[in-house]
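# Structural overview for review
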Amino acid sequence: MSMILSASVVRVRDGLPLSASTDYEQSTGMQECRKYFKMLSKKLSQLPDRCTLKTGHYNINFISSLGVSYMMLCTENYPSVLAFCFLDELQKEFITTYNMMKTNTAVRPYCFIEFDNFIQRTKQRYNNTRSLSTKMNLADMQTEIKLRPPYQISMSELGSANGFSHFSGAEYKGTGKISAAPHQRLEPVTLPGIVSFVLSLLCGALNLIRGFHAIESLLQNEGEDFSYVIAFFLGTAACLYQCYLFVYYTGWRNAKSFLTFGLICLCNMYLYELRNLWQLFFHVTVGAFSTLQIRLRQPQGKSPDYNV
């Protein structure tokens, strides 16, 4: 019999389950599919926004948008167009019902479990195709799937139960290829982190302006020391590099941030004669604050093994 069996709402960032159907069957095939659900949820950030995984007599389909993925399990003969229309309805209702800020800050699994009421009603409607009154939506989805078919995840790509094998590096165009995995993601930005980023940009801009003024002074007075110009521009580069380290993950990131802070301190020590104590204190304090924020904003860890 062609039907939808279950559905889940999962956060893309870390695979945290936000809501799910509560009427799972206990057959061997269904239990195996639940394992695939968990495996997929851990790699959502590396997958295209519309995918299908065929697992014997069942299919797992999902779509992702605004940091949330909507996953469903159906029998292998369930129409693909109906499956993605079903997911599209879940997506629209979830976005309308819940503030995205709440989904981004949720820490407890299934904290939106009441959404299961809507999942159940929608599932019953899509399992009774005669009662569906969405012919226009079905036609639109049929056209969209033809133009941009879902990426077909093979079982060989799925890999072992401990994780995924490496995907192809070809760019995903919606025609069966997937993009290379992105760089490792950092934890969400906090307000102190934003403040440190802005202050580092400000210090870099101040150093840059003073550097150009030093060049003008050097051209007008031959006796001026060119090393001051170098110190100002090195300070600019150090501040901008701190901004880069805060935004992007690189190898030896913490060590680089401490070395950059050391360079900021050395530049300000050399510019002691050109700056008063408050200016020196401001630049060094901003450098220390930015270094702390880089240290605090660590890469995201692996998602817990939730029973999705």
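Quantities reported herein were computed from a predicted structural model and do not represent experimental measurements.

Broken down by element type, the protein carries 10 helices and 6 strands. By residue count, 43% of the 308 residues in the protein fall in the buried class. For the protein, contacts bridging at least 24 residues in sequence account for 68% of all contacts bridging at least 6. Element-wise, carbon and sulfur atoms account for 60% of the exposed surface of the protein, whose accessible area totals about 16,600 Å².

Glancing now at the UniProt feature "transmembrane region" (unreviewed entry) in the protein. UniProt's feature table lists "transmembrane region" (unreviewed entry) at residues 189-209, 229-248 and 255-272, given in the numbering used throughout. Helix makes up 90% of residues 189-209 and strand 0%, and the two end C-alpha atoms of the span are 29 Å apart. Within residues 255-272, the helical portion is 89% and the strand portion 0%, while the C-alpha atoms at the span's ends are 26 Å from each other.

Pairing in this open sheet of 6 strands is mixed, and the strands run β2-β1-β5-β4-β3-β6 from one edge to the other. Every interior strand has two partners, whereas the edge strands, β2 (17-20) and β6 (151-153), have only one. Averaged over neighbouring strand pairs, the angle between their axes works out to 20 degrees when direction is ignored. By the bridge criterion, 3 bridges tie strand β1 (residues 4-11) to β2 in an arrangement that is antiparallel. Bridging from a neighbouring strand, Ser 8 pairs with Ala 20 of β2.

Attention shifts here to helix α7 (residues 191-220). Here α7 spans 44 Å end to end across 30 residues, near enough to the 44 Å set by a 1.5 Å rise per residue. On its buried face, α7 sits against α8 (227-247) and α10 (277-296).

Tallied over the entire structure, the rule returns 14 aromatic pairs. On the basis of an interplanar angle of 45 degrees and a centroid distance of 4.8 Å, the ring pair of Phe 94 and Tyr 98 is categorised as tilted. Summarising the burial analysis for this pair, Phe 94 and Tyr 98 share the class buried. Ring geometry for Tyr 98 against Phe 115: centres 6.1 Å apart, planes inclined by 65 degrees, an arrangement best described as edge-to-face. Of the two residues, Tyr 98 is situated in the loop between α2 (80-97) and α3 (100-105) and Phe 115 in the loop between α3 and α4 (116-127); the sequence distance between them amounts to 17 residues.

So, on to the pattern of salt bridges. Applying the stated rule across the entire model yields 4 salt bridges. For Lys 92, the salt bridge is made with Asp 88, and the minimal N-O distance between the two is 3.2 Å. Residue Lys 92 and its partner Asp 88 are located together in helix α2, separated by 4 residues, close to a single helical turn. Between Arg 125 and Glu 89 there is a salt bridge, with the nearest N and O atoms lying 2.5 Å from each other. Of the two residues, Arg 125 sits in helix α4 while Glu 89 sits in helix α2, which places them 36 residues apart along the sequence. By relative accessible area, which is 26% here, Arg 125 ends up partly exposed. Classification of Glu 89 as buried rests on a relative accessible area of 19%.

Taking 1.5 Å of rise per residue, 20 residues should cover 28 Å, and α10 covers 28 Å from first to last C-alpha, within 8% of that figure. Turning to α10, its buried residues are Leu 280, His 283, Val 286, Gly 287, Ser 290, Thr 291, Gln 293 and Ile 294. Structurally, the start of α10 carries an N-cap: the backbone nitrogen of Trp 278 is 3.1 Å from a side-chain oxygen of Asn 276.

With that settled, consider the nonpolar core. Residues Leu 18, Leu 90 and Phe 94 are the most contacted members of the largest nonpolar core, which totals 31 residues. Per element, the largest residue contribution to this core is 9 residues, and it comes from α2. The contact partners of Leu 18, leaving out residues within four places of it in the chain, are Val 9, Val 10, Arg 11, Val 68, Phe 94, Thr 103, Ala 106, Tyr 110, Cys 111, Phe 112 and Ile 113. By size, the runner-up hydrophobic cluster in this structure holds 19 residues, among which are Leu 44, Leu 47, Phe 62 and Met 71.

What follows covers the pairing of strand β5 (residues 68-75). With 8 of 8 residues buried, β5 lies mostly within the body of the structure. As paired strands, β1 and β5 are joined by 7 bridges and run antiparallel to one another. In the strand pairing of β5, Ala 7 is matched with Met 72. Both strand β4 (residues 58-65) and β5 contribute to a ladder of 8 bridges, which runs antiparallel. Bridge pairing in β5 links Ile 60 to Leu 73. Between β4 and β5, which follow one another and run antiparallel, lie 2 residues, and Leu 66 among them has a positive phi close to 55 degrees.

The rules we used
Residues numbered from 1 in each chain as written. Predicted model: local features only at pLDDT ≥ 70, side-chain atom pairs only at ≥ 80, totals over all residues. Heavy atoms only, no water. Helix = DSSP H or I, 4+ residues; strand = E, 2+ residues; numbered from the N terminus. Buried < 20%, exposed > 50% of the residue type's maximum accessible area, 1.4 Å probe, protein only. Contact = heavy atoms within 4.5 Å. Areas by Shrake-Rupley, 256 points an atom, 1.4 Å probe, with all protein chains shown as cover. UniProt positions renumbered as here; feature names shortened; annotations may be inferred. Pairing = 2+ DSSP bridges. Axes fitted to C-alpha atoms, helices over the stretch in contact; angles between N-to-C directions. Expected span 1.5 Å × (residues − 1). Phe/Tyr/Trp six-rings, centres within 6.5 Å; stacked < 30°, edge-to-face > 60°. Salt bridge = Lys/Arg side-chain N within 4 Å of Asp/Glu carboxyl O. Polar contact = N/O pair within 3.5 Å; in protein donor to acceptor, adjacent residues only side chain to side chain. Core = buried A, V, L, I, M, F, W, Y, C linked by side-chain atoms within 4.5 Å.

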